[in-house]
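Spelled out from the first residue to the last, the chains are:
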Amino acid sequence: MSATNQSLVRLGVNIDHVATVRQARGTSYPSPLEAAILCEEAGADGITVHLREDRRHIQDDDVYALRERLRIPLNLEMACAPEILAIALDIKPDEVCLVPERREELTTEGGLDVKGRREAVFETVHALKSAGIIVSLFIEADPDQIKLSAESGAPYIELHTGHFCDLRGAAAQEELARLTRGAELAHELGLKVNAGHGINLDNIGSILSIPHLDTLNIGHSIVARAVMVGLSAAVAEMRVAIQAGPRTG
């Protein structure tokens with residue numbers, strides 16, 4: 001996909017932080033399933049949840065309920081952890097995105113080190129693919145990581161856009177150029193390209209200049225915006241922003 005055909009970019013909505021609000025008080029609400037259905041009705045192309053080993057937000061029951069009820073694809077983010085892999089193989093989400101995970105982090109802070117965890121990553125990719133699950137690797141736009149991702153057999157990568165979204169000025173433009181080069185390399189290697197982390201209404205125009213994008217996975221900014229305008233409206237706003245395409249400046 002070229003940067004001139006961004007109307008085809010899909011929106012995956014990450015609803016982890018709906019569960020964060022629920023877990024803060026230990027209540028039964030707000031319901032991630034209800035949130036996912038609202039996102040589906042508002043035009044989301046998929047739903048993403050991260051089942052962390054510490055279960056800080058999304059719980060096992062959430063994932064099973066989502067798999068049963070959703071009509072749009074379910075993308076499960078997970079670490080290369082045997083316990084979580086077993087759950088993924090049981091529920092068989094449409095997609096799995098392998099991500100790094102550290103207990104002390106507030107949110108995912110960087111890309112998966114495919115090079116440093118080659119054996120675990122390759123084995124997990126193989127297990128998931130054997131079960132008919134589409135696999136993506138959440139990585140930095142680093143040539144070595146991209147090449148190893150292709151070697152793993154995963155058909156997708158998801159470029160970590162968090163650094164770009166935190167930067168300003170010339171540094172941001174340098175990072176955007178790095179993401180662009182990464183997307184081009186991935187495309188050359190036959191990989192499909194997703195992107196996510198830190199994307200909001202202010203920076204999405206720049207993100208959309210990255211070529212060959214398939215899906216943008218966006219969570220925190222949509223849930224935060226939903227506090228002000230409601231979840232359906234927040235999803236609709238992001239869809240409109242994607243359809244508007246790349247912006248500069």
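Conventions used here
Residues numbered from 1 in each chain as written. Predicted model: local features only at pLDDT ≥ 70, side-chain atom pairs only at ≥ 80, totals over all residues. Heavy atoms only, no water. Axes fitted to C-alpha atoms, helices over the stretch in contact; angles between N-to-C directions. Helix = DSSP H or I, 4+ residues; strand = E, 2+ residues; numbered from the N terminus. Parallel < 35°, antiparallel > 145°, perpendicular 65-115°, else oblique. Left-handed = near helix turned anticlockwise from the far one by under 90°. Contact = heavy atoms within 4.5 Å. Nonpolar A, V, L, I, M, F, W, Y, C, P; charged D, E, K, R; others polar. pLDDT = per-residue confidence, 0-100. Expected span 1.5 Å × (residues − 1). Buried < 20%, exposed > 50% of the residue type's maximum accessible area, 1.4 Å probe, protein only. Arc of directions from axis to C-beta. Pairing = 2+ DSSP bridges. Salt bridge = Lys/Arg side-chain N within 4 Å of Asp/Glu carboxyl O. Core = buried A, V, L, I, M, F, W, Y, C linked by side-chain atoms within 4.5 Å.

**Notes on the packing of helix 5 (residues 118–130) against helix 6 (residues 143–152)**
Now for step 1: Viewed as axis vectors pointing N to C, helix 5 and helix 6 meet at an angle of 40°, and their least axial separation amounts to 9 Å. When the axis of helix 5 is compared with that of helix 6, the two are oblique. Crossing of helix 5 against helix 6: the hand is right-handed. On helix 6, the residues touching Arg118, Phe122 and Val125 of helix 5 are Leu148, Glu151 and Ser152.
Now for step 2: Residue composition of the contact of helix 5 with helix 6, grouped by class: 3 nonpolar, 1 polar and 2 charged.

**Some words on the confidence of the model for the protein**
Now for step 1: In this model, the protein carries a mean pLDDT of 94, and residues with pLDDT of at least 70 account for 93%.
Now for step 2: Every residue in residues 1–6 scores below 50 in pLDDT, and together they form 15 contacts with partners more than four places removed in sequence or on other chains.

**A look at helix 8 (residues 169–188)**
Now for step 1: In this model, helix 8 (20 residues) spans 29 Å end to end at C-alpha, consistent with the 28 Å of a helix rising 1.5 Å per residue.
Now for step 2: Every buried residue of helix 8 is listed here: Ala172, Glu175, Leu176, Leu179, Gly182, Ala183, Leu185 and Ala186.
Now for step 3: Contacts made by the buried residues of helix 8 are with helix 6, strand 6 (156–160), helix 7 (162–166), strand 7 (192–196) and helix 9 (204–207).
Now for step 4: Backbone geometry just after helix 8 places glycine 190 at a positive phi near 90°.

**Describing helix 2 (residues 32–41)**
Now for step 1: Among the residues of helix 2, those classed as buried are Pro32, Leu33, Ala35, Ala36, Cys39 and Glu40. Angular distribution of buried residues about the axis of helix 2 spans 160°; they occupy a single face of the element. Opposite the buried face of helix 2, at more than 90 degrees from it, the exposed residues are Glu34 and Glu41.
Now for step 2: For helix 2, the secondary structure elements touched by its buried residues are strand 1 (10–14), helix 1 (16–25), strand 2 (46–50), helix 3 (60–69) and helix 11 (231–244).
Now for step 3: Glycine 43 sits one or two residues past helix 2 and shows a positive phi near 110°.

**Brief notes about the sheet that holds strand 4 (residues 95–98)**
The strands making up a sheet associate through hydrogen bonds between their backbones, and the pairing can be parallel or antiparallel.
Now for step 1: Taken in spatial order, the 8 strands of this closed barrel run 1-2-3-4-5-6-7-8, and their pairing is parallel. Strand-to-strand twist across the sheet, computed as the mean angle between neighbouring axes with direction ignored, equals 25°.
Now for step 2: Across 4 bridges, the pairing between strand 2 and strand 3 (residues 74–78) is parallel. Bridging from a neighbouring strand, threonine 48 pairs with asparagine 75 of strand 3.
Now for step 3: Taken strand by strand, helix 6 contacts strand 5 (134–139) and strand 6, and its axis lies near 165° from that of strand 5.

**Here we look at the pattern of salt bridges**
Now for step 1: With the rule as written, the count across this model stands at 12 salt bridges.
Now for step 2: Of the charged contacts in the structure, one is a salt bridge between glutamate 83 and arginine 55, with a shortest N-O distance of 2.8 Å. Residue glutamate 83 is found in helix 4 (residues 82–91), and its partner arginine 55 is found in the loop between strand 2 and helix 3; the two are separated by 28 residues along the sequence.
Now for step 3: Since its relative accessible area comes to 45%, glutamate 83 is described here as partly exposed.
Now for step 4: Glutamate 140 is paired through a salt bridge with arginine 178; the nearest N and O atoms lie 3.4 Å apart.

**Some details on the nonpolar core**
Now for step 1: If you look at the biggest cluster of nonpolar residues, it comprises 75 residues, and the most contacted ones within it are Ile15, Leu98, Leu137 and Leu216.
Now for step 2: The contacts of leucine 137, once residues within four sequence positions are left out, are Cys97, Leu98, Leu112, Val114, Val121, Val125, Ser149, Ser152, Ala154, Tyr156, Ile157 and Glu158.

**Some details on the pairing of strand 6**
Now for step 1: Counting buried positions along strand 6 yields 5 of 5 residues, so the element is predominantly enclosed.
Now for step 2: Of the two faces of strand 6, both are covered, the one formed by Tyr156, Glu158 and His160 as well as the one formed by Ile157 and Leu159.
Now for step 3: Across 5 bridges, the pairing between strand 6 and strand 7 is parallel. Looking across to strand 7, one finds that leucine 159 is bridged to alanine 195.

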